[in-house]
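# Working through the structure, step by step
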Amino acid sequence: MTAQAASPATTPQLRRNALGLPQVVFQGITHIAPSINVVFTFPIIALKAGPTMPISFLLTTIVCFFIANTVSQFSKYMPSTGGYYSFATRGLGSRSGFMTTWSYLIYDIIGPAGAIGFLGYLTSTTLQTAAGVNIPWWIFAIATFAIVWVLTHFGIHLSMRTTALFGALELLIMLALAITFLVHPGPGSSYTAPLQPHNAPNHWGGILAGMVFSVLALSGFEAPAPLAQETKRPGKFIGRAVMLSLVLIGIFYVFTSYASAIGWGTGNMAAFASNPNPYYALGHSLWGAGWWFIFIAIVNSSIGVGLACTNAASRVTYTMGQAGTLPARFGKIHPVHRTPTFAIAV
């Protein structure tokens with residue numbers, strides 16, 4: 001009896017009740033990577049939907065709302081660090097749970113790797129263009145990976161506070177840019193054009209095509225689910241965080257896509273879509289030297305998505321390690337930092 005009673009106290013566990021609702025909401029928001037999607041996905045959506053990007057985003061948000069509600073309901077009745085692994089395994093069996101989770105992990109690992117790798121390339125080329133300084137892209141990428149590893153390794157408090165700070169800052173910068181677009185509309189802009197479906201290429205066909213890429217821009221709202229064990233009142237807060245992160249970013253995308261069309265010029269969205277970096281051009285023309293804030297927002301977004309994806313994926317693999325689906329080492333918790341340090345490192 002003594003050995004059994006002592007065992008739970010001597011086995012390190014994830015830190016309970018460490019996170020409140022705001023932190024897990026920002027876990028979902030930064031996992032979506034809003035600034036990166038604004039700068040690099042909006043032009044692709046504009047190629048299909050033209051100035052009616054806001055309609056594509058509004059309809060996509062409604063569609064994703066039903067998906068998010070499913071995750072929210074599962075999280076309400078079965079809050080777990082396994083996320084999709086726990087949901088699919090309980091509902092469909094271990095084989096389906098395993099396959100579902102590997103599909104999720106591929107996206108959750110490749111996504112931030114791509115974002116951080118591209119950040120290295122963007123930082124290198126930006127410094128070379130603006131200051132004539134030539135530093136290889138991989139140095140910035142490795143430095144960013146190191147920052148993400150340190151912040152996630154040394155405790156959930158540290159990484160989630162950083163996530164919330166970076167997420168809030170990038171949203172404020174992009175909202176300020178969107179307001180600037182509305183105050184300084186581009187040539188030939190009409191404030192009503194983005195709200196009229198007939199202005200899209202191929203009308204509703206273009207809007208529906210834009211929705212395909214809008215789904216990619218919104219994916220990531222499920223990221224609060226794997227933090228259930230470390231969240232206060234997980235049965236209530238995780239479901240709310242999933243829904244809030246989707247709705248807030250959906251509204252953010254509708255507003256910023258509307259403003260982007262106005263700022264560029266609603267009659268010339270083909271040029272917006274074909275421009276290598278329209279926000280670089282708009283930032284330079286409207287903010288002058290302040291265009292560096294847009295670069296800062298992308299840096300914040302890249303680090304934020306790295307933190308959010310690492311925290312989410314490591315908790316899922318931690319659960320799989322405990323269940324025996326992955327080697328047991330994945331299921332180990334650091335006795336001091338109370339994080340799955342091996343899963344984070346992998």
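Residues numbered from 1 in each chain as written. Predicted model: local features only at pLDDT ≥ 70, side-chain atom pairs only at ≥ 80, totals over all residues. Heavy atoms only, no water.

### Comments concerning the environment of Val 39
Examined against the element boundaries, Val 39 turns out to sit in helix α3 (residues 34-40). Each C-alpha atom of the pair Val 39 and Gln 229 lies 34 Å from the other, and the pair is 190 residues apart in sequence. Discounting chain neighbours no more than four positions away, the residues touching Val 39 are Met 174, Asn 277, Tyr 279, Ile 294 and Ile 298. (Helix = DSSP H or I, 4+ residues; strand = E, 2+ residues; numbered from the N terminus. Contact = heavy atoms within 4.5 Å.)

### Things to note about the pattern of salt bridges
As enumerated under the stated definition, the model contains one salt bridge in all. The salt bridge partner of Glu 230 is Arg 315, with a shortest N-O separation of 2.8 Å. Of the two residues, Glu 230 sits in the loop between α10 (204-218) and α11 (234-264) while Arg 315 sits in helix α14 (residues 292-323), which places them 85 residues apart along the sequence. Here Glu 230 and Arg 315 have matching classes, each one buried. (Salt bridge = Lys/Arg side-chain N within 4 Å of Asp/Glu carboxyl O. Buried < 20%, exposed > 50% of the residue type's maximum accessible area, 1.4 Å probe, protein only.)

### Some thoughts on the nonpolar core
Of all hydrophobic cores here, the largest spans 62 residues; its most connected members are Phe 42, Met 174, Tyr 253 and Tyr 279. Here the element with the most residues in this core is α11; it accounts for 11 residues. Sequence-distant contacts of Tyr 253, defined by excluding residues within four places in its chain, comprise Ile 32, Ala 33, Pro 34, Asn 37, Val 38, Phe 42, Phe 57, Ala 217 and Leu 218. Formed by 10 residues, the second largest nonpolar core is a distinct cluster that contains Tyr 104, Leu 105, Ala 312 and Ala 313. (Core = buried A, V, L, I, M, F, W, Y, C linked by side-chain atoms within 4.5 Å.)

### Considering the packing of helix α9 (residues 156-183) against helix α13 (residues 278-287)
Where α9 contacts α13, the two axes come as close as 11 Å, and the packing angle between them is 70°. With respect to each other, α9 and α13 are oriented roughly perpendicular. Note that α9 runs across α13; the crossing there is left-handed. Where α9 approaches α13, its residues Ile 173, Ala 176, Leu 177, Thr 180 and Phe 181 are matched on the opposing element by Tyr 279, Leu 282, Leu 286 and Trp 287. Its residues placed into classes, the contact of α9 with α13 shows eight nonpolar, one polar and no charged. (Axes fitted to C-alpha atoms, helices over the stretch in contact; angles between N-to-C directions. Parallel < 35°, antiparallel > 145°, perpendicular 65-115°, else oblique. Left-handed = near helix turned anticlockwise from the far one by under 90°. Nonpolar A, V, L, I, M, F, W, Y, C, P; charged D, E, K, R; others polar.)

### Focus on the packing of aromatic side chains
Any aromatic ring pair is given by two values, namely how distant the centres are and how the planes are angled relative to each other. Counted according to the given criterion, the structure contains 19 aromatic pairs. Here Phe 42 and Tyr 253 contribute two aromatic rings whose centre-to-centre distance is 5.7 Å and whose plane-to-plane angle is 70°, an arrangement assigned as edge-to-face. Here the residue Phe 42 occupies a position in helix α4 (residues 42-49), and Tyr 253 occupies one in helix α11, the gap between them amounting to 211 residues. The class for Tyr 253 is buried, based on a relative accessible area of 0%. Each ring, one from Phe 272 and one from Tyr 279, has its centre 5.7 Å from the other, and the planes form 80°; the classification is edge-to-face. The same class applies to Phe 272 and to Tyr 279, which are both buried. (Phe/Tyr/Trp six-rings, centres within 6.5 Å; stacked < 30°, edge-to-face > 60°.)

### What to know about the confidence of the model for the protein chain
On average, residues of the protein chain carry a pLDDT of 91, and 97% of them reach 70 or more. The low-confidence segment residues 1-8, where pLDDT is below 50, has zero contacts with residues more than four positions distant or belonging to other chains. (pLDDT = per-residue confidence, 0-100.)

### Description of unusual backbone geometry
Of note in the backbone geometry, Asn 17 takes a positive phi value of approximately 55° without being a glycine. Relative to the assigned elements, Asn 17 resides in the loop between α1 (2-10) and α2 (21-32). Despite not being glycine, His 203 shows a phi value in the positive range, around 55°. Relative to the helices and strands, His 203 is located in the loop between α9 and α10.

### Digging into the side chain of Thr 126
Checked against the element boundaries, Thr 126 lands in helix α7 (residues 94-131). Separated by 2.6 Å, the side chain of Thr 126 and the backbone oxygen of Leu 122 make a polar contact. If near-sequence neighbours (up to four positions away) are discounted, Thr 126 is found in contact with Ala 131, Trp 291, Trp 292 and Phe 295. (Polar contact = N/O pair within 3.5 Å; in protein donor to acceptor, adjacent residues only side chain to side chain.)

### Quick word on the packing of α7 against helix α8 (residues 137-153)
The contact between α7 and α8 brings their axes to 7 Å, and the two run at 135°. As summarised for this structure, α7 and α8 are arranged oblique, according to the angle between their axes. Along this stretch, α7 crosses α8, giving a crossing that reads as right-handed. Of the residues in α8, those touching α7 at Ala 113, Ile 116, Gly 117, Leu 119, Gly 120, Tyr 121, Thr 123, Ser 124 and Leu 127 are Trp 137, Phe 140, Ala 141, Thr 144, Phe 145 and Val 148. Taken together, the residues of the contact of α7 with α8 sort by class into 10 nonpolar, five polar and no charged.

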